[in-house]
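Here are the chains, one letter per residue:
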Amino acid sequence: MSLEPFPVDTRQRPLASLRVSITDRCNLRCGYCMPEESYEWLPAKDILSFEEILRLTGLFADTGARRLRLTGGEPLLRKDATKLVAMICAANRFDEVAMTTNALGLATSAEALKAAGLTRLTVSLDSLHQDRVKQISGRDSLARVLAGLDAAADAGFTGTKLDTVAMAGFNDDELSDFLHFGAQRAIEVRFIEYMDVPGASKWTSGKVISRKEMLARIEAEVGVKPEPFGHQGSAPAARFRLPTGATWKSQDLSGQVFGIIASTTEPFCGSCDRSRITADGMWFRCLYAELGTNLLQELRSGVSDDQLRAKIRGTWQARTDNGAEQRLERKIRKAYEPKVPGVHLEMHTRGG
Ligand code: SAM
Ligand code: SF4
């Protein structure tokens with residue numbers, strides 16, 4: 001194994017965090033992620049096996065990755081996902097092995113995921129109203145998500161996060177309701193600015209609620225100004241805490257911590273340490289990148305671990321990506337139009 005120091009890219013960003021999409025399939029059709037009538041799926045023969053995922057994640061760990069997140073599509077749709085989690089956790093190569101899920105499968109798998117060693121969960125939910133959840137995700141799934149969150153807590157998961165895409169005219173009146181929901185369940189809510197990522201073909205700038213607007217709205221509703229909390233570092237979310245006196249609908253929200261992921265209006269490319277691998281082994285260094293590195297081909301062509309480590313290292317060192325910054329520089333911003341259309345570009349394939 002290489003004893004060289006871990007690589008940094010052209011902007012001195014380390015390779016520290018890895019997201020692996022374990023399926024491109026999903027049982028929801030969120031309007032900001034999968035708005036089309038039909039999709040072309042990755043060919044089954046190209047989907048990485050558990051052994052291949054284990055090898056790749058190990059090689060990224062060798063090259064500096066400290067945190068691993070399993071995502072999708074919907075990761076819990078992958079057959080035997082808990083077995084994969086157990087294999088990865090048993091290898092003990094990461095400080096943290098987390099999962100981002102829409103929670104539909106959590107009620108039946110939370111206990112097994114905990115037993116397998118999963119460190120933490122992030123659950124996506126965009127409204128606390130049944131009709132809105134159905135409207136945005138195409139399925140009447142709120143009750144199942146809530147059952148999933150209950151199951152996660154019962155299984156012993158702590159530090160669960162709830163990711164909510166904030167959208168003007170859809171859930172902008174629910175920000176403080178979400179903070180109350182988080183306070184009741186000891187969950188940290190993170191509001192995500194609606195991103196103009198590939199695949200979000202219904203995106204318009206008018207649907208974005210900026211971090212600034214979210215903070216102003218929350219302040220007006222709870223009566224006190226949210227204060228910055230902790231250092232953002234390489235984390236996507238800037239965190240805030242509601243000071244003493246914060247109330248909403250007669251509920252005390254003092255001390256509640258929440259995050260805002262402002263990738264659209266205040267990109268954090270300068271500290272981005274993330275790599276993304278799709279379910280068929282394409283490695284992308286940016287959510288907006290059109291070109292990736294085909295690691296599946298390398299894996300299946302009999303390349304040695306040393307050669308693969310060298311490839312990962314060299315590719316990372318040459319990294320210049322700053323997709324969100326480039327989007328911000330555009331004078332007219334509209335839904336992303338890829339120069340090269342392809343199955344790998346969309347958020348459900350790339351894993352968010
Ligand atoms: N299916 C899982 C889920 O929904 O949690 C994991 C994959 S999903 C692609 C990961 C995250 O990306 C979700 O939290 C989702 O809300 C977010 N996402 C997808 N499209 C987005 C967009 N256009 N803007 C902001 N966030 C988006
Ligand atoms: Fe929604 Fe996640 Fe499925 Fe996209 S991948 S449609 S965000 S549940």
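Located above this text is the structure these notes cover.
Scope of this entry: the structure provided in the associated data block. (Residues numbered from 1 in each chain as written. Chains lettered and ligands numbered in written order. Predicted model: local features only at pLDDT ≥ 70, side-chain atom pairs only at ≥ 80, totals over all residues. Heavy atoms only, no water.)

## Some words on the site of ligand 1
Looking at ligand 1, there are 21 residues lining it, with Y32, G73, T100, S124 and M195 nearest. Here Y32 contributes a backbone N or O atom positioned 3.1 Å from a nitrogen atom of ligand 1. Contact distances for ligand 1 include 2.5 Å between an oxygen atom and a side-chain N or O atom of S124. Contributing elements (two or more residues each) for the shell around ligand 1: β3 (96-101), β5 (161-166) and β6 (188-193). In terms of residue class, the shell around ligand 1 is made up of nine nonpolar, nine polar and three charged. (Near = heavy atom within 4 Å. Polar contact = N/O pair within 3.5 Å; in protein donor to acceptor, adjacent residues only side chain to side chain. Helix = DSSP H or I, 4+ residues; strand = E, 2+ residues; numbered from the N terminus. Nonpolar A, V, L, I, M, F, W, Y, C, P; charged D, E, K, R; others polar.)

## Comments concerning the side chain of R285
In this fold, R285 is placed in the loop between β13 (282-284) and β14 (293-294). Buried and unpaired, R285 has no salt bridge, with D321 as the nearest side chain of opposite charge at 4.9 Å. At a separation of 3.0 Å, a polar atom in the side chain of R285 contacts the main-chain carbonyl oxygen of W283. In terms of polar contacts, R285 uses its side chain to reach the side chain of T293, at 2.8 Å. The contact partners of R285, leaving out residues within four places of it in the chain, are R274, T293, T315, W316, R319 and D321. (Buried < 20%, exposed > 50% of the residue type's maximum accessible area, 1.4 Å probe, protein only. Lys, Arg positive; Asp, Glu negative; His and termini not counted. Salt bridge = Lys/Arg side-chain N within 4 Å of Asp/Glu carboxyl O. Contact = heavy atoms within 4.5 Å.)

## Things to note about the packing of aromatic side chains
Applying the stated criterion to the full structure yields seven aromatic pairs. When the centroid spacing of 6.1 Å and the interplanar angle of 40 degrees are considered together, the rings of Y39 and W41 count as tilted. Residue class for Y39 comes out buried when judged on its relative accessible area of 14%. According to the relative accessible area criterion, W41 is partly exposed, its value standing at 23%. (Phe/Tyr/Trp six-rings, centres within 6.5 Å; stacked < 30°, edge-to-face > 60°.)

## Remarks on the pattern of salt bridges
Applying the stated criterion to the full structure yields 28 salt bridges. For D9, the salt bridge identified is with R13, shortest N-O distance 2.6 Å. Each member of the pair, D9 as well as R13, carries the same accessibility label: buried. Overlapping salt bridges bring together D62, R93, D306 and R309 as one network.

These results come straight from atomic positions and should not be treated as a statement about function.
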